[in-house]
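Analysis of the macromolecular model
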Amino acid sequence: MLGPELEAFEREWARLVGVPHAIGVANGMDALSLSLMSSKLEKGSEVITSPVTAAATVLAILRAGLVPVMADVDPGTGLLTPRTVERVLSNKTTAVLLVHLYGQVRGMEEWIQLCQAHQLQLFEDCAQSHLAEENGRSAGSFGLTGSFSFYPTKNLGGIGDSGMVTTQSPEIAENIRLLRNYGQRNRYIHEEIGLNSRLDEIQAAYLRLKLKSLESGNSKRRSVAQRYFNELDNPEIILLSPPSQRRAHVYHQFVVRAKNRDKLAKHLERCGIPSLIHYPTPIHRQPAFSGIVGVKDSLVHSEAFSESVLSIPCHPGMVASEIETVLNALNEFRS
Ligand SMILES: *Cc1c(COP(=O)(O)O)cnc(C)c1O
């Protein structure tokens, strides 16, 4: 049910991100698909995105009746680059959907310029980048929309599914408010083919409470990451490029690369340290997506990324001794 807790949460989130409008929806994938649906891109036109992302990014493009086209990532960050996106532009391209992977926001000025030069809409997948900032501006305030997920594992996580769209555009905001509630503006008058994508009051109330510790949680994640950057010392383990500004990364994940990644994961497991792979299979290699998503250029860096990345523990609850246990295990690893 829509109600006052959600309205308050929307106001708070809009203010934090620095945009006039925030619209609560049922989950992060809906935030992405409603963003694309409300922007009225030509059906069947192409949206360029990254193959190193959650499936939801690409499912949302498909659900909006658009064609996902893959561009390669930078091996140092796992992010798309203007160069790799330019290589797959076509006269059918209408948008770029950037994924602020692992919590990083990078080079936004350049992305805005590229999209202006080619008359493309810019969308941001901010599911992992809550309150990451570049030059004082938050992720989710650069593009036509920012799409957030508050799935329990995200930096701001609920007790179930929910999501949010941020936008500067009053038209997009109004249209998403309509679409999330069966396409009705006034009760029982359906103006568009909408869906049920409401953010519940109980969820909004819980998220408002959790919101109080989001900023401190992000800064704890940054201090864990700083220790990894300072003290990781093993030629077999490669760090990703550090952010150019401290606030430009909120470390939803701390990711390292290793040629013998699977051995490293086993070694950590033996030391009692959990690790995960984000993501083991690039989108274009997934059974459901191969042949459906556009592949027009080599995706060699994305593939190498999937084979070598490992996400190591990095969360606000970590204490010094736990960070040291992880560091010791990583530094003693020999393949
Ligand atoms: C979590 C996530 C999503 C999807 O969010 P849901 O709330 O699970 O639908 C989309 N994109 C990225 C990058 C994510 O990490």
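Read on for an overview of the structure. (Residues numbered from 1 in each chain as written. Predicted model: local features only at pLDDT ≥ 70, side-chain atom pairs only at ≥ 80, totals over all residues. Heavy atoms only, no water.)

**Overview of the site of the ligand**
- In the region of the ligand, 14 residues are neighbours, and Gly28, Asp125, Gln128, Ser149 and Lys154 sit closest.
- Met29 is positioned such that a nitrogen or oxygen atom in its backbone is 2.9 Å from an oxygen atom of the ligand.
- Contact distances for the ligand include 2.8 Å between a nitrogen atom and a side-chain N or O atom of Asp125.
- Starting from 380 Å² of accessible surface for the ligand in isolation, the protein chains cover 88%.
- Looking at the shell around the ligand, the elements with two or more residues in it are helix 2 (28-38) and helix 3 (55-63). (Near = heavy atom within 4 Å. Polar contact = N/O pair within 3.5 Å; in protein donor to acceptor, adjacent residues only side chain to side chain. Areas by Shrake-Rupley, 256 points an atom, 1.4 Å probe, with all protein chains shown as cover. Helix = DSSP H or I, 4+ residues; strand = E, 2+ residues; numbered from the N terminus.)

**A few points about the side chain of Ser138**
- Mapped onto the secondary structure, Ser138 falls in strand 7 (residues 137-138).
- Contact partners of Ser138, with chain neighbours within four places excluded, come to Leu16, Val17, Leu131, Ala132 and Glu133. (Contact = heavy atoms within 4.5 Å.)

**Looking at helix 1 (residues 4-17)**
- For helix 1, spanning 14 residues, the distance from its first C-alpha to its last is 20 Å, which sits close to the expected 20 Å at 1.5 Å a residue.
- Looking at helix 1, one finds that the buried residues are Leu6, Ala8, Phe9, Glu10, Glu12, Trp13, Ala14 and Val17.
- Positive phi appears at Gly18, one or two residues downstream of helix 1, with a value of about 85°. (Expected span 1.5 Å × (residues − 1). Buried < 20%, exposed > 50% of the residue type's maximum accessible area, 1.4 Å probe, protein only.)

**Concerning the sheet that holds strand 8 (residues 145-149)**
- With respect to topology, 8 strands assemble into an open sheet ordered 1-9-8-5-4-2-3-14, the strand pairing being mixed. Each edge of the open sheet carries a strand with a single partner, namely strand 1 (21-25) and strand 14 (294-295).
- The pairing of strand 3 (residues 67-70) with strand 14 spans 2 bridges and is classified as parallel. Counted as the bridge partner of Val69 is Gly294 from strand 14.
- Where helix 2 meets the sheet, it contacts strand 1, strand 4 (93-99), strand 5 (121-125), strand 8 and strand 9 (163-167), and its direction lies at approximately 160° from that of strand 8.
- Packed onto the sheet, helix 5 (residues 108-117) meets strand 4 and strand 5 and runs at close to 145° relative to strand 5. (Pairing = 2+ DSSP bridges. Axes fitted to C-alpha atoms, helices over the stretch in contact; angles between N-to-C directions.)

**A look at the nonpolar core**
- In this structure, Tyr228, Phe254, Val256, Leu264, Leu268, Ile312 and Leu330 are the most contacted members of the largest nonpolar core, which totals 23 residues.
- Taken together, the elements giving at least two residues each to this core come down to helix 8 (214-231), strand 13 (254-258), helix 9 (261-270), strand 15 (309-312) and helix 11 (320-332).
- Of all the elements, helix 11 adds the most residues to this core, at 5 residues.
- The contacts of Ile312, once residues within four sequence positions are left out, are Tyr228, Phe254, Val256, Leu268, Val326 and Leu330.
- In terms of nonpolar packing, the next biggest core, distinct from the first, is built from 20 residues, Ile48, Val85, Met108 and Ala248 among them. (Core = buried A, V, L, I, M, F, W, Y, C linked by side-chain atoms within 4.5 Å.)

**Thoughts on the environment of Asp297**
- Structurally, the position occupied by Asp297 is in the loop between strand 14 and helix 10 (300-308).
- Along the chain, Asp297 and Ser213 lie 84 residues apart, while their C-alpha atoms are 42 Å from each other.
- Of the polar contacts made by the side chain of Asp297, one reaches the side chain of Arg87; its length is 2.7 Å.

**Examining the state of the cysteines**
- Taken as a whole, this structure holds 0 disulfides when the rule is applied.
- Of all cysteine sulfurs in the structure, the one in Cys126 sits closest to Cys115, which takes part in no disulfide; the separation is 14 Å.
- Residue Cys115 is classed as buried on the basis of its relative accessible area of 4%.
- Sulfur of Cys314: no disulfide; nearest cysteine sulfur belongs to Cys271 and is 19 Å away. (Disulfide = S-S within 2.5 Å.)

**Thoughts on the packing of aromatic side chains**
- Enumeration according to the criterion identifies 8 aromatic pairs in this entry.
- Ring geometry for Tyr228 against Phe254: centres 5.0 Å apart, planes inclined by 65°, an arrangement best described as edge-to-face. With Tyr228 in helix 8 and Phe254 in strand 13, this pair connects stretches of sequence that are 26 residues apart.
- Residue Tyr228 is classed as buried on the basis of its relative accessible area of 0%.
- Here Phe254 falls in the buried class, since its relative accessible area comes to 2%. (Phe/Tyr/Trp six-rings, centres within 6.5 Å; stacked < 30°, edge-to-face > 60°.)

**Thoughts on the sheet that holds strand 12 (residues 237-239)**
- An order of 12-13-15 is seen for the 3 strands of this open sheet, with the pairing classed as antiparallel. Of all the strands in the sheet, the pair left with one neighbour each is strand 12 and strand 15. Across the sheet, the axes of successive neighbouring strands diverge by a mean angle of 40°, strand direction being ignored.
- Here helix 9 sits on the sheet and contacts strand 12, strand 13 and strand 15; the angle it forms with strand 15, its principal contact strand, is near 20°.

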